[in-house]
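Take a look at the letters that make up each chain.
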2 protein chains.
Amino acid sequence: LYCLTYGLSSPDPRQREALIKLEASMQLGGQIVLTDAEQRLDALLFKMKKEEMMRADFPPAMHFFKARALIGASPIFRLLQKMPKGGALHVHDFAMTSVEWLVKNATYRPHCYMCLTASQSVRFIFSSQQPKALPQCSPWTLLENLRAKVVNVTELDNSIMSNLTIFTDQDPETVYPSQDEIWTTFEQAFLALLGLVTYAPVFRDYYYQGLTEFHTDNVMYLELRALLPEIYELDGSTHDTAWTLKTYQHVTRQFITEHPDFFGTRIIFTVHRAVNTSVLTRTVEEAMKLQRDFPDIMAGFDLVGREDSGKPLWYFKDVLSLPVERGVTLPFFFHAGETDLEGTEVDQNMLDALLLNTSRIGHGFALLRHPVAKGLSRKKGVALEVCPISNQVMMLVKDLRNHPAAALMLENHPLVISSDDPAMFGSSGLSYDFYEAFVGFGGIRSTLGSLKELAINSIRYSSLTPKQQQTALALWQRRWDKFVSENAV
Amino acid sequence: LYCLTYGLSSPDPRQREALIKLEASMQLGGQIVLTDAEQRLDALLFKMKKEEMMRADFPPAMHFFKARALIGASPIFRLLQKMPKGGALHVHDFAMTSVEWLVKNATYRPHCYMCLTASQSVRFIFSSQQPKALPQCSPWTLLENLRAKVVNVTELDNSIMSNLTIFTDQDPETVYPSQDEIWTTFEQAFLALLGLVTYAPVFRDYYYQGLTEFHTDNVMYLELRALLPEIYELDGSTHDTAWTLKTYQHVTRQFITEHPDFFGTRIIFTVHRAVNTSVLTRTVEEAMKLQRDFPDIMAGFDLVGREDSGKPLWYFKDVLSLPVERGVTLPFFFHAGETDLEGTEVDQNMLDALLLNTSRIGHGFALLRHPVAKGLSRKKGVALEVCPISNQVMMLVKDLRNHPAAALMLENHPLVISSDDPAMFGSSGLSYDFYEAFVGFGGIRSTLGSLKELAINSIRYSSLTPKQQQTALALWQRRWDKFVSENAV
Ligand SMILES: [Zn+2]
Ligand SMILES: [Zn+2]
C-alpha cells in the first residue's frame, strides 16, 4: 500500500480509502472484528462522540477539576461507567477510596483525634487515651468534642475533606501555580490521611469501600500499589507487613464472596524513592520474602514519589539487581517517565526500568521522547500504565488531546488505562480516565474496538498467570456481551 | 543492540551506555560529527541549557506573550540570534515585518486615512482625496489631522498598534478564551493592516523592512507565502498579480545588492481556503501561468486560513489535480494538520496533501496522530514546517515541551523550524522559534548538531534547485564557521 503512484496523476480515491483503512487498522483495537450488536453500539458511540466534539467547552481540553461536572453529565461517560473495563493496574493504596467516605465514616468513629500543623494541614490518630502531641502540631483534639463545639459541622467536615485531597473548586491554575506546589499539597494530603487509614478497623473498611467503588464502576480486578505501612490498634500496638498483606487478602476474599463477579486484587509492594540505599536494600529483601511467602497476592515491587525530586532508578541499580543475582523472583512495576524534564538523569528511568526487566511501566509519559526505550517496550510487550487525569492534574499536559498516548494508541503500543490516585484528583474508579482516553486522546477514530482492546489489555498485561487470565477473560467476556446487548440500539 | 540479555543478570552499564548513544544518534542532527570548535560551543550550550531548565519560570512552558521578555534575556537566545539559521520556509507576506514599523513608519506617511469599524477594529487607506466611506465603518479621518488633535499621540499609536497584532500585554488566556476568539482577532488584525500594506510605496518598503528584520536575525533565505493581492496607488489605480510578483523580485534583488550575504526569496502563491471551487479554479490557473512566467521567484501554491473552519483539501481535489492532469508544473506547499480536531475530515488534510504530491507540509501538528501519513512523509522526504510559537499562540499546545515535534526531532523526521506570522505573535525573525525548538521540545539532549541540521534542513527541503542549494549551503557554511569560531570558548 505504500507503493503509491501519486505525482503522476490525480489522486485515486480508492487508494486514499485504502490508506485511511490501513491507518484505522493499525490503531489499538483496530484488528478487532465487531459483532452486529457491537457495530450498532459503536455507531451510537460515534454519533455521541461527534456531538461531544462540537461543544465549545470540550471536557478533555479543560482541567479535570473544571471538567468533572461536564463529564459526569456526558452520555458517553454514562455508557463507560456501565462498561466492564477489566482491571485497574495502576492505583495507589490510600487514594483509591473517596475522601467523602473518609470524612463521613472514618472521622466519625469514636476516639478520633485531630491536630493542626504549622502549615495548616491536619493530622489524625485514633487512641484510647489522650495521645502525645506531635512536634509542629497543635495539641490533639477529640473530633467528637470539636464537632459538639462548632456551630457549622458541615463547614468543619468540608474543611477536613479539603485537607485530604488536592481537588479544589477554585481555579486550579491559581491554587497550583507550578508542579512544586501541587506535589507539596499532594504529599501533605497523604500525610493528613495516613493517621486515619492506618488505624486497623479503618484500614479494613477503607479498602473494602475502595473495592466497592471500583466494583460499582465495573472494574473487576485491581493491582494495588501498596506501601504496606505499620497498621495500629486503639491501644497503640502495631502489626507487621505480613499482617497487612494478609488483611488485604482476607478482605479481598470476603469481598469476592459477596461479589462473585469481582476477580481479585494483587499487591505491588511500594516504597518511597526518597529512601537511602540501605533502607532500600532491607525493603527489597522484605519484598523478596513476601513474594515467596504470599505468591498469590504479591505481584511485585515498585518505587513511588515524585521522580523529578528523587534519585533516578539507575542510582539504585545494584540494590534492584539483588533478586536477579540471587535467582529470586521479584517482578518490577516501575513508575518511570512521569516527567517533563526531557533529557535529565530521571528522564532515563524508562530505559533503566526496561534494563531492570520491569513487567510494566507506570505512566511512561515521556516514552515518545525516547525512541529506543519505546522500541524496547513494544518489542518486549512491556505495557504502559497510562493515567490521563493524573498527568493533567500533576501538570504534565494541559489539553489531554496532546497526551502522548494519543500517538501510542494509534500505533497500538501496549498500554492500559488507569486512574493512579482517583480520590486525590476528585475522581473515582476508572471511568473518568476511560472517558479522557476515549474522547480526549482517542479522538473521533477510536471505536468500541479500542475500548474492548483496552479492557482486554488490562487482563493480558496484568500479573495474573496465563490460566488466571483465561478465567478472568471469560468472566469479563460474559459481562461484556451483556453490556453490549443491553446498550446496543 | 536490541538483542538484550536482560532479565538474566543485573543490567550491564556498557549496554546501557550503548543504548543511550544509539538514541542520541537517531535524533535530528545525531549523525553530525562536530569539529573541535563546535564541540566547545556545544559544551557551552549544554551548560547554558541546563541552567535554563532549572528555572522555576521555564520559558517554553509559558505562553509566549509572557515568556518573550525572559527569552529575550536568555544567553541561549542571544547565541541563536547570532547563529546563521539558513532559511525561513513558512512565513506569511503580511506578518513578516514588525507592527511597530507599520505604525511608526507607514501610518506617518501623508494621505493616510483611518476609520473605525463597528467591531472596534480599524481600517486604513491612502488616498489623494477624501475616500468613500466603507460600509460598517466610521467616516475616514486623515491620521495627520487626528494626531494633531489628540492629547496623547503615543497612546493613539499604541492603540493602532494593538489593532494590527494579536499580541497583548494582558493575560492571553483571559483575552482569548478559545481558538474561535483568537482566530477572529487574527483575521481582524489582518484586515486592519491590509489597507496599509497594499499601498504600493508601503508594500515595497514593508517587504524591504521585513527582509531587513530576517537578515538582521541571520536568516539568509525566505520562502514567502504571499496572497499577491491588488496593490493600489494614491490615485486609486491598481496593479495586477504579475506586477506584485515582479515587485517582490525587484526589491529582493535590490536587497541582495545591498546585502550580498542574503541569498533570496521565493514566493508561494496563496489563496484563502474559504473560496469556492470556481474561484479556486481561476486561481490555480493563474498560479500555473505565474509558475511558467516567473519560474525563478515562483516556488508554488498553497491554501491559507483556518483549517478547522474551511473545506478539507479533498473537497478541492479535482481543482488541485488540474496541473498534474495538464502536465504542468505547480509545486504544492499545503498547510495541513494545523488542528486538534482529531479524526475529522480536516484532520485528513495531511494524507491528502501527500496524495496531491505536496513538496512540504505546513505545520503538520497532527502528524503524530497519523502513522500512515507520518510514514509517507518520512519515506518521501516531505518535510514539516514546524512553527512552535504559532501553534502555542493559536492554542494547539500550551507547554511547548509537549509539542509533537519533540518526538519527531528525536526520530529525525524531516522538518524545518519556521515562524509563520511573527509580527502577529509579537515575535520577529526566526530566533524565538529556534529557541522554543532547541530549549523547549529539543530538551537537554538536542545539541549544536541539531541546530546545524535544522539550518541545513532549511536549505535541503527548500524549493531551490540542487545547484542553488549547493551555492546556498556553501554561503551558509562560511557564515556558520565564522559563527562557531567567534563563539566557541
Ligand atoms: Zn502512581
Ligand atoms: Zn501559515
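Residues numbered from 1 in each chain as written. Chains lettered and ligands numbered in written order. Predicted model: local features only at pLDDT ≥ 70, side-chain atom pairs only at ≥ 80, totals over all residues. Heavy atoms only, no water.

**Q** I tried to follow the pairing of strand β3 (residues 122–126) of chain B on my own but got confused; where do I start?
**A** One face of the sheet, then the other: side chains in a regular strand alternate in exactly this way. Residue and element names in this part refer to chain B. The buried fraction of β3 is high, at four of five residues. Pairing between strand β2 (residues 112–116) and β3: five bridges, direction antiparallel. Looking at β3, one finds that Cys-112 is bridged to Phe-126. Hairpin geometry of β2 and β3 is characterised by an intervening segment of five residues between the two adjacent antiparallel strands and by a positive phi of about 65° at Gln-120. (Buried < 20%, exposed > 50% of the residue type's maximum accessible area, 1.4 Å probe, protein only. Helix = DSSP H or I, 4+ residues; strand = E, 2+ residues; numbered from the N terminus. Pairing = 2+ DSSP bridges.)

**Q** Any chance you could explain the relation of the copies chain B and chain A here in plain terms?
**A** What connects the two chain copies is a rotation about an axis and a shift along it. Here chain B sits on chain A after a turn of 180° about the axis and a move of 0.0 Å along it, with an RMSD of 0.0 Å. In symmetry terms, the pair is related by a two-fold rotation axis. (Least-squares fit on C-alpha atoms with pLDDT ≥ 70 in both.)

**Q** Quick question: what am I supposed to make of the side chain of Asp-217 of chain B here?
**A** Residues and elements named next belong to chain B. Mapped onto the elements, Asp-217 comes out in the loop between α10 (200–216) and β5 (221–226). One buried charge, Asp-217, has no salt-bridge partner; the nearest side chain with opposite charge is Lys-85, at 4.2 Å. In contact with Asp-217, not counting residues within four places along its chain, are Gln-81, Met-83, Lys-85, Ser-428, Gly-429, Leu-430 and Ser-431. (Lys, Arg positive; Asp, Glu negative; His and termini not counted. Salt bridge = Lys/Arg side-chain N within 4 Å of Asp/Glu carboxyl O. Contact = heavy atoms within 4.5 Å.)

**Q** I tried to follow the coordination of the zinc ion (ligand 1) on my own but got confused; where do I start?
**A** Six octahedral donors at a metal ideally form angles of 90 or 180 degrees, and four tetrahedral donors ideally form angles of 109.5 degrees. All names here are of chain A. All of the protein donors around the zinc ion (ligand 1) are His-90 (NE2), His-92 (NE2), His-335 (NE2) and Asp-420 (OD); their distances to the metal are 2.1 to 2.3 Å. The coordination sphere of the zinc ion (ligand 1) comprises four donor atoms, whose angles at the metal cover 82 to 169°; the geometry is irregular. Counting along the primary sequence, the residues that act as donors to the zinc ion (ligand 1) give the motif H-x1-H-x242-H-x84-D. In this pair, His-90 sits in strand β1 (residues 87–92) while Asp-420 sits in the loop between β13 (415–417) and α19 (431–441), placing the two residues 330 residues apart along the sequence. (Donors = N, O, S within 2.8 Å, 3.2 Å for Na, K, Ca; no water. Tetrahedral: all angles 85-135°; square planar, octahedral: opposite > 155°, others 65-115°.)

**Q** Help me out: how do you make sense of the sheet that holds β2 of chain B in this one?
**A** In sheet architecture, strand pairing relies on hydrogen bonds along the backbone and comes in two forms, parallel and antiparallel. Residue and element names in this part refer to chain B. Sheet architecture is open: three strands sit in the order β3-β2-β4, paired in antiparallel fashion. In this open sheet, the two strands that pair with only one neighbour each are β3 and β4 (141–142). Taken together, the two bridges between β2 and β4 define a ladder with antiparallel strand orientation. Looking at β4, one finds that Tyr-113 is bridged to Leu-142.

**Q** Can you walk me through the nonpolar core in this structure?
**A** Side chains of a nonpolar character, in soluble globular proteins, are inclined to be buried together. Counting residues in hydrophobic clusters, the biggest one holds 304 residues, and the most contacted among them are Phe-301 and Leu-320 of chain A together with Phe-301 and Leu-320 of chain B. Sequence-distant contacts of Leu-320 of chain A, defined by excluding residues within four places in its chain, comprise Leu-280, Val-284, Phe-301, Leu-303, Leu-313, Phe-332, Phe-334 and Leu-356 of chain A. (Core = buried A, V, L, I, M, F, W, Y, C linked by side-chain atoms within 4.5 Å.)

**Q** Whenever I open this one, the state of the cysteines confuses me. Can you help?
**A** Should the sulfur atoms of two cysteines be covalently bonded, the bond is a disulfide. All names here are of chain A. Applying the stated criterion to the full structure yields two disulfides over all chains. Disulfide pairing places Cys-115 opposite Cys-137 at an S-S distance of 2.2 Å. Judged by the torsion about the S-S bond (90°), the Cys-115/Cys-137 disulfide is right-handed. Taken together, the residues Cys-115 in strand β2 (residues 112–116) and Cys-137 in the loop between β3 (122–126) and β4 (141–142) connect sequence positions 22 residues apart. (Disulfide = S-S within 2.5 Å.)

**Q** Is there a simple way to explain the interface of chain B and chain A in this structure?
**A** At the interface, 64 residues of chain B touch 64 residues of chain A. Salt-bridge contacts for Glu-345 of chain A lead to Arg-16 of chain B; the nearest nitrogen and oxygen are separated by 3.9 Å. Our count for the chain B to chain A interface comes out at 19 residue pairs in polar contact (both at pLDDT 80 or more). Breaking the side of chain B that touches chain A down by element, the ones donating at least two residues are α1 (13–26), α14 (322–325), α15 (349–355), α16 (371–380) and α18 (405–410) of chain B. Of the residues that constitute the side of chain B that touches chain A, the class distribution is 31 nonpolar, 14 polar and 19 charged. (Polar contact = N/O pair within 3.5 Å; in protein donor to acceptor, adjacent residues only side chain to side chain. Nonpolar A, V, L, I, M, F, W, Y, C, P; charged D, E, K, R; others polar.)

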